[in-house]
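Residues per chain, in single letters:
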Amino acid sequence: MAIQFDETNLLARMVGAADGVTVEELASTERLASAALAGVKALTDGGTIGFPNLPKDTDLANQIVAHSAKAQGSYDTVCLVGIGGSALGAWALDCALRGPHPVQGDHSTTKPRLVILDNVDPEFVHLALLSMKPKKTLVVVIAKSGATAETVATFLIVRAWLEAGVGAKAVRSRVIVVTSEGRGDLKVLATNEGYTTFHIPENVGGRFSVLSAVGLVPAALIGVDILGLLRGAARMTTIAWKSDLAANLPLRAALFQYLALTRKGKTIQVAFPYANRLWGTAFWFRQLWAESLGKAKNRSGEIVHVGQTPVAALGTTDQHSQVQLYMEGPNDKVFTFWSVKKPSQVGAIPVERTGLEGFDYLTGQSLAKLLDAECKSTQAALTENQRPNCLFTLDRVDAEHIGMFFQLLEFETAFAGEMLNINAFDQEGVELGKKFTFGLMGRKGFSDFKKRYASYETRRTS
Ligand code: PA5
C-alpha cells in the first residue's frame, strides 16, 4: 500500500493506560467501527452523501481536462474566488503538487499561478489584483450555495477589474463558474451571462468536494494530473469499504481518534506534516475535521457539544515553536504525524570538513535524513512523555498519493462522525454568523437578524 498508518504510539503499552488505548478498549469498540462503516455505506448507497463516489466520475474529469486544454496558452494566472470548502482543496493541491510554497509566502509562484481570493481583506484583494494582468487571467468563481457574501462581493470586484482590462464582451470567455445545478443566484448569473459552468452534486458538501469540479477545475487549469488524483482516490475507496478493521486504514484511524477523544480526553488533534508540500493539506484537513465533527447535538437530538479541535503544525519549524507546549503543557492532545518516504529531493549536505564538531557530523549526510531523524525523535520524545501519537506515511507526493490521502481523510472523518453519533455533513454552527452578516449588509429577508444584532450590541454596552 502506498500510504501506511502506524498507531503503535497510541497504545497503552507505549504511553500508559491513562493516555493510550488499551487492548480491551479496542476489542470493545470493534462493533462500533463496523456500525460506522455500515452507516457511511448506507448514507452513500442511499444517495445522502456523494464524496465516496466522486472518484468514479472520470467523464467529468475528462470534460474538465478538455476544457483546460482549450484554454491553455491564454492565461498565466488562475484567480480562484471562493472560500472554505470552495477554496482550501485547490490550495492544498497546488501546494502539494506544484509546491512546496514558502509557508508565509505570497501566492503560488509556479506558472500558471494560482491566486486564491478567500478572505475579504480589502488590502489583500487590492494587492492580489495588482499582481495579475486581466488579459492573462482566468477567473474561477466557486460557491455551492451561490450566495456566499465573501465570494459574491469579491467576484463583483474581480469582474469589474476584468471588464476594465479586457472589455465587457471578453469577460464571458475569461470566467468559469462552479456551483450547484438547480439553485442559487450564481447559477442564475452564469446562465444570464453565458459563463462556462461546472456543477457540484447536491450531496457533496463543500469540505468533501475537493474531488468534484470544485477542486478539479482549478487543479486542471494549473496543470495537475486530475485523472491521477481520481485513480488514487478510487484505490483508497476500495480500502475504505473493507469490513476487516485491520485492512481498513481510514476506519482504523477513525477508531483510534474516537477513542483518544472520548476515552482519553484528547480534545485537540495536531496534524503534524513533516513536508512543506503537505502544509496546504493540513489546512484543508483542519476545516474537514472541525466543521464535520464539531457539533452541538447528536443524531438523537441530545446536546453533546462534541468535537476535537484540529491544529496544524509543520515539521521542524514547529519543533522550534510549539513542541515545548506539546511536551510539557496540558496532556490534551493527540498528534498525527504525516511523513513522506521518498521526497523528490534529498538535499545532499556537501562533504566539507570545517574542523568544527557542531558542523562536521552533518557533512555528507542529507536534509531528508535529518528531517526523518527529527520526525522520529519527536515521536519518541512525545511517547516518553505519555503523549499519544500516530503516523501516516505517504510513499511519495504525487497526484495518485494525494488523491488517496484526501479520500482517506474524508472517509476517516465520515467514520468518526458515525462513531460520535453526529451528522458530520451539516454545518448549522456557521449559519448564524452568516445571517447576522446578511442583516448588517442589508440583504433582503434578513432584517430580523439586523435587529437581533442590534439587541446584542445594546447588551454589550449596557
Ligand atoms: O464545507 C462547507 O460546506 C463550507 O465550508 C463551505 O464550503 C463554505 O461555507 C463556502 O460555501 P459556498 O461554496 O456555498 O460558498
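Reading the values: rules and limits
Residues numbered from 1 in each chain as written. Predicted model: local features only at pLDDT ≥ 70, side-chain atom pairs only at ≥ 80, totals over all residues. Heavy atoms only, no water. Helix = DSSP H or I, 4+ residues; strand = E, 2+ residues; numbered from the N terminus. Rg over C-alpha atoms; globule rule 2.2 N^0.38 Å. Buried < 20%, exposed > 50% of the residue type's maximum accessible area, 1.4 Å probe, protein only. Contact = heavy atoms within 4.5 Å. Pairing = 2+ DSSP bridges. Axes fitted to C-alpha atoms, helices over the stretch in contact; angles between N-to-C directions. Domains from an automatic or database assignment. Buried area = accessible area lost by both parts, 1.4 Å probe. Salt bridge = Lys/Arg side-chain N within 4 Å of Asp/Glu carboxyl O. Polar contact = N/O pair within 3.5 Å; in protein donor to acceptor, adjacent residues only side chain to side chain. Nonpolar A, V, L, I, M, F, W, Y, C, P; charged D, E, K, R; others polar. Near = heavy atom within 4 Å. Areas by Shrake-Rupley, 256 points an atom, 1.4 Å probe, with all protein chains shown as cover.

**Here's the deal with the overall build of the protein chain**
In step 1: A count of helical and extended segments in the protein chain gives 19 helices and 12 strands.
In step 2: Here the protein chain has a C-alpha radius of gyration of 23 Å; the compact-globule value for 462 residues is 23 Å, and the two agree.
In step 3: Overall, the C-alpha framework of the protein chain stretches about 65 × 65 × 55 Å when taken along its three principal axes.
In step 4: When burial is assessed residue by residue, the protein chain has 51% of its 462 residues classed as buried.
In step 5: Sequence-distant contacts in the protein chain: of pairs separated by 6 or more residues, those separated by 24 or more amount to 75%.

**Side note on the sheet that holds strand 7 (residues 268-273)**
In step 1: Here we have 5 strands laid out as an open sheet, ordered 1-12-11-7-10, and mixed in their pairing. The sheet is open, and its two borders are formed by strand 1 (3-6) and strand 10 (309-312), each paired with just one other strand. Recorded for the sheet is a direction-independent mean angle of 20 degrees between the axes of neighbouring strands.
In step 2: Pairing analysis gives 6 bridges linking strand 11 (residues 333-340) to strand 12 (residues 389-394), with the strands arranged parallel. Note that in strand 12 the partner of V340 across the bridge is L394.
In step 3: Of the strands in this sheet, strand 7, strand 10 and strand 11 are in contact with helix 12 (residues 279-293), which crosses strand 10 at around 170 degrees.
In step 4: Helix 16 (residues 367-384) rests against strand 11 and strand 12 of the sheet, and its axis sits at about 160 degrees to strand 11.

**Things to note about the domain arrangement of the protein chain**
In step 1: Each assigned domain of the protein chain is listed here: domain 1 (3-42 + 230-419) and domain 2 (51-224).
In step 2: Taking only C-alpha atoms into account, the centre of domain 1 sits 30 Å from that of domain 2.
In step 3: Counting residues at the interface gives 28 residues for domain 1, matched by 27 residues for domain 2.
In step 4: Summed over both sides, the interface between domain 1 and domain 2 buries roughly 2300 Å², with carbon and sulfur atoms accounting for 71% of that surface.
In step 5: If you sort the residues of domain 1 by the area they bury against domain 2, L230, R277 and E410 come out on top, with a joint share of 29%.
In step 6: Across the domain 1-domain 2 interface, the total number found is 1 salt bridge.
In step 7: Between R207 and E291 there is a salt bridge, with its nearest N and O atoms 3.0 Å apart.
In step 8: Counting every contact that joins domain 1 to domain 2 gives 5 residue pairs in polar contact (both at pLDDT 80 or more).
In step 9: Taken together, the elements giving at least two residues each to the side of domain 1 that touches domain 2 come down to helix 10 (226-240), helix 12 and helix 17 (399-419).
In step 10: Classifying every residue of the side of domain 1 that touches domain 2 gives 15 nonpolar, 8 polar and 5 charged.

**So, the site of the ligand**
In step 1: Around the ligand sit 13 residues in total, of which S86, K144, S145, T148 and Q287 are the nearest.
In step 2: At 2.6 Å, a side-chain N or O of S145 approaches an oxygen atom of the ligand.
In step 3: Starting from 390 Å² of accessible surface for the ligand in isolation, the protein chains cover 91%.
In step 4: Here the shell around the ligand is composed, by residue class, of 2 nonpolar, 7 polar and 4 charged.

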